[in-house]
Amino acid sequence: MSNNSQPTYGNGKICYIELPSRDIEESSKFYNSVFGWNIRRRGDGSVAFDDSVGQVSGTWRTDRKSSSETGMIVHIMIDDIEVTMQKVKDLGGTIVQPVGMDAPEITAHFRDPSGNIFGLYQEPSKK
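Let me begin by describing the structure that accompanies this report. (Residues numbered from 1 in each chain as written. Predicted model: local features only at pLDDT ≥ 70, side-chain atom pairs only at ≥ 80, totals over all residues. Heavy atoms only, no water.)

Glancing now at the sheet that holds strand S3 (residues 47–50). Spatial strand order, S1-S4-S3-S2: four strands in an open sheet with mixed pairing. In this open sheet, the two strands that pair with only one neighbour each are strand S1 (16–20) and strand S2 (38–41). Along the sheet, successive strands turn relative to each other by an average axial angle of 30 degrees, direction set aside. As judged from the three bridges shared by S3 and strand S4 (residues 57–61), these two strands associate in the antiparallel manner. In the strand pairing of S4, alanine 48 is matched with threonine 59. Of the strands in this sheet, S1, S2, S3 and S4 touch helix H1 (residues 24–35), which is tilted by about 145 degrees from S4. (Pairing = 2+ DSSP bridges. Helix = DSSP H or I, 4+ residues; strand = E, 2+ residues; numbered from the N terminus. Axes fitted to C-alpha atoms, helices over the stretch in contact; angles between N-to-C directions. Contact = heavy atoms within 4.5 Å.)

Put into C-alpha coordinates, the structure is as follows:
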(Lines give C-alpha, C1' and ligand atoms only; values in the text may rest on other atoms or scores of the structure.)
Protein backbone atom coordinates (compact mmCIF):
# COMPACT_ATOMS: atom_id res chain seq x y z
CA MET A 1 0.00 0.00 0.00
CA SER A 2 1.05 3.59 -0.48
CA ASN A 3 1.95 4.45 3.11
CA ASN A 4 4.10 1.33 3.74
CA SER A 5 1.64 0.04 6.32
CA GLN A 6 -0.62 -2.92 5.87
CA PRO A 7 -4.32 -2.41 5.21
CA THR A 8 -6.92 -3.82 7.55
CA TYR A 9 -7.80 -7.33 6.42
CA GLY A 10 -11.08 -9.04 7.19
CA ASN A 11 -13.93 -11.04 5.79
CA GLY A 12 -16.35 -8.76 3.93
CA LYS A 13 -13.99 -5.77 3.58
CA ILE A 14 -14.12 -3.94 0.25
CA CYS A 15 -10.51 -4.03 -0.89
CA TYR A 16 -10.21 -3.57 -4.66
CA ILE A 17 -12.08 -1.55 -7.28
CA GLU A 18 -11.90 -1.64 -11.07
CA LEU A 19 -13.05 1.73 -12.42
CA PRO A 20 -14.06 2.19 -16.06
CA SER A 21 -12.02 4.88 -17.77
CA ARG A 22 -12.00 6.50 -21.18
CA ASP A 23 -8.37 7.56 -20.58
CA ILE A 24 -6.24 6.14 -17.76
CA GLU A 25 -3.89 9.14 -17.60
CA GLU A 26 -6.88 11.50 -17.29
CA SER A 27 -8.49 9.33 -14.61
CA SER A 28 -5.32 8.93 -12.57
CA LYS A 29 -4.71 12.69 -12.64
CA PHE A 30 -8.34 13.37 -11.61
CA TYR A 31 -8.39 11.01 -8.62
CA ASN A 32 -4.89 11.95 -7.48
CA SER A 33 -5.65 15.69 -7.68
CA VAL A 34 -9.14 15.57 -6.14
CA PHE A 35 -8.68 12.89 -3.47
CA GLY A 36 -4.93 12.41 -3.05
CA TRP A 37 -4.99 8.81 -4.26
CA ASN A 38 -1.52 7.32 -4.72
CA ILE A 39 -0.92 6.40 -8.36
CA ARG A 40 1.59 3.65 -9.07
CA ARG A 41 2.77 1.50 -11.94
CA ARG A 42 2.73 -2.25 -11.46
CA GLY A 43 5.44 -4.60 -12.62
CA ASP A 44 3.39 -5.42 -15.73
CA GLY A 45 3.21 -1.70 -16.61
CA SER A 46 -0.46 -1.20 -15.76
CA VAL A 47 -1.52 1.79 -13.65
CA ALA A 48 -3.02 1.17 -10.21
CA PHE A 49 -4.12 3.30 -7.27
CA ASP A 50 -4.33 3.16 -3.50
CA ASP A 51 -6.81 5.39 -1.70
CA SER A 52 -5.43 8.19 0.48
CA VAL A 53 -5.41 6.03 3.65
CA GLY A 54 -4.00 2.86 2.08
CA GLN A 55 -7.09 0.73 2.64
CA VAL A 56 -8.53 0.27 -0.88
CA SER A 57 -6.62 -0.40 -4.09
CA GLY A 58 -7.69 -0.66 -7.66
CA THR A 59 -7.09 0.05 -11.30
CA TRP A 60 -8.74 1.69 -14.27
CA ARG A 61 -10.15 -0.33 -17.16
CA THR A 62 -10.67 1.03 -20.66
CA ASP A 63 -12.60 -2.10 -21.66
CA ARG A 64 -15.57 -1.40 -19.36
CA LYS A 65 -18.58 0.91 -19.61
CA SER A 66 -18.84 3.72 -17.08
CA SER A 67 -21.51 3.64 -14.40
CA SER A 68 -23.16 6.80 -15.66
CA GLU A 69 -26.64 6.32 -14.21
CA THR A 70 -27.45 6.59 -10.53
CA GLY A 71 -27.66 3.09 -9.15
CA MET A 72 -25.29 1.79 -6.53
CA ILE A 73 -23.38 4.78 -5.13
CA VAL A 74 -19.94 4.43 -3.57
CA HIS A 75 -19.16 7.45 -1.38
CA ILE A 76 -15.67 8.84 -0.95
CA MET A 77 -14.96 10.41 2.44
CA ILE A 78 -13.61 13.95 2.22
CA ASP A 79 -12.66 16.75 4.64
CA ASP A 80 -14.38 19.71 2.94
CA ILE A 81 -17.24 19.09 0.54
CA GLU A 82 -17.27 22.60 -0.96
CA VAL A 83 -13.52 22.53 -1.73
CA THR A 84 -13.79 19.00 -3.14
CA MET A 85 -16.77 19.85 -5.37
CA GLN A 86 -14.79 22.76 -6.82
CA LYS A 87 -11.83 20.46 -7.52
CA VAL A 88 -14.18 17.98 -9.22
CA LYS A 89 -15.49 20.74 -11.50
CA ASP A 90 -12.04 22.23 -12.15
CA LEU A 91 -10.72 18.83 -13.28
CA GLY A 92 -13.53 17.98 -15.70
CA GLY A 93 -16.10 16.34 -13.45
CA THR A 94 -19.71 17.42 -12.89
CA ILE A 95 -21.76 17.72 -9.72
CA VAL A 96 -24.96 15.75 -10.38
CA GLN A 97 -26.52 15.99 -6.91
CA PRO A 98 -25.81 19.06 -4.80
CA VAL A 99 -25.25 19.16 -1.08
CA GLY A 100 -28.46 19.00 0.95
CA MET A 101 -30.39 16.28 -0.87
CA ASP A 102 -29.54 13.70 1.84
CA ALA A 103 -29.80 16.06 4.83
CA PRO A 104 -28.87 15.86 7.59
CA GLU A 105 -25.99 13.89 6.00
CA ILE A 106 -23.45 16.04 4.17
CA THR A 107 -23.26 14.41 0.75
CA ALA A 108 -23.15 15.24 -2.94
CA HIS A 109 -22.83 13.11 -6.08
CA PHE A 110 -20.44 13.74 -8.94
CA ARG A 111 -19.71 12.33 -12.39
CA ASP A 112 -16.01 11.87 -13.14
CA PRO A 113 -14.56 12.72 -16.58
CA SER A 114 -15.21 9.12 -17.74
CA GLY A 115 -18.88 9.30 -16.72
CA ASN A 116 -18.81 7.25 -13.48
CA ILE A 117 -21.03 8.51 -10.67
CA PHE A 118 -19.72 8.54 -7.10
CA GLY A 119 -20.79 10.17 -3.87
CA LEU A 120 -18.92 12.53 -1.59
CA TYR A 121 -19.37 12.23 2.15
CA GLN A 122 -18.23 14.74 4.77
CA GLU A 123 -18.49 13.88 8.44
CA PRO A 124 -20.80 16.41 10.16
CA SER A 125 -18.09 17.31 12.68
CA LYS A 126 -15.86 18.51 9.80
CA LYS A 127 -18.26 21.27 8.64
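Looking at where threonine 107 falls in the secondary structure, it is placed in strand S7 (residues 106–111). When the C-alpha positions of threonine 107 and serine 21 are compared, they lie 24 Å apart, and in sequence the two are 86 residues distant. Non-local contacts of threonine 107, meaning those with residues more than four positions away in its chain, are made with His75, Ile81, Gln97, Pro98, Val99, Gly100, Asp102, Leu120 and Tyr121.

Time to look at the packing of H1 against helix H2 (residues 81–90). Direction vectors running N to C along H1 and H2 enclose 160 degrees, while the axes themselves pass 9 Å from each other. By the criterion of interaxial angle, the relationship of H1 to H2 is roughly antiparallel. At the point where H1 passes H2, the crossing takes the right-handed sense. Here H1 contributes Phe30, Ser33, Val34 and Phe35 to the contact with H2, which in turn contributes Thr84, Lys87 and Val88. (Parallel < 35°, antiparallel > 145°, perpendicular 65-115°, else oblique. Left-handed = near helix turned anticlockwise from the far one by under 90°.)

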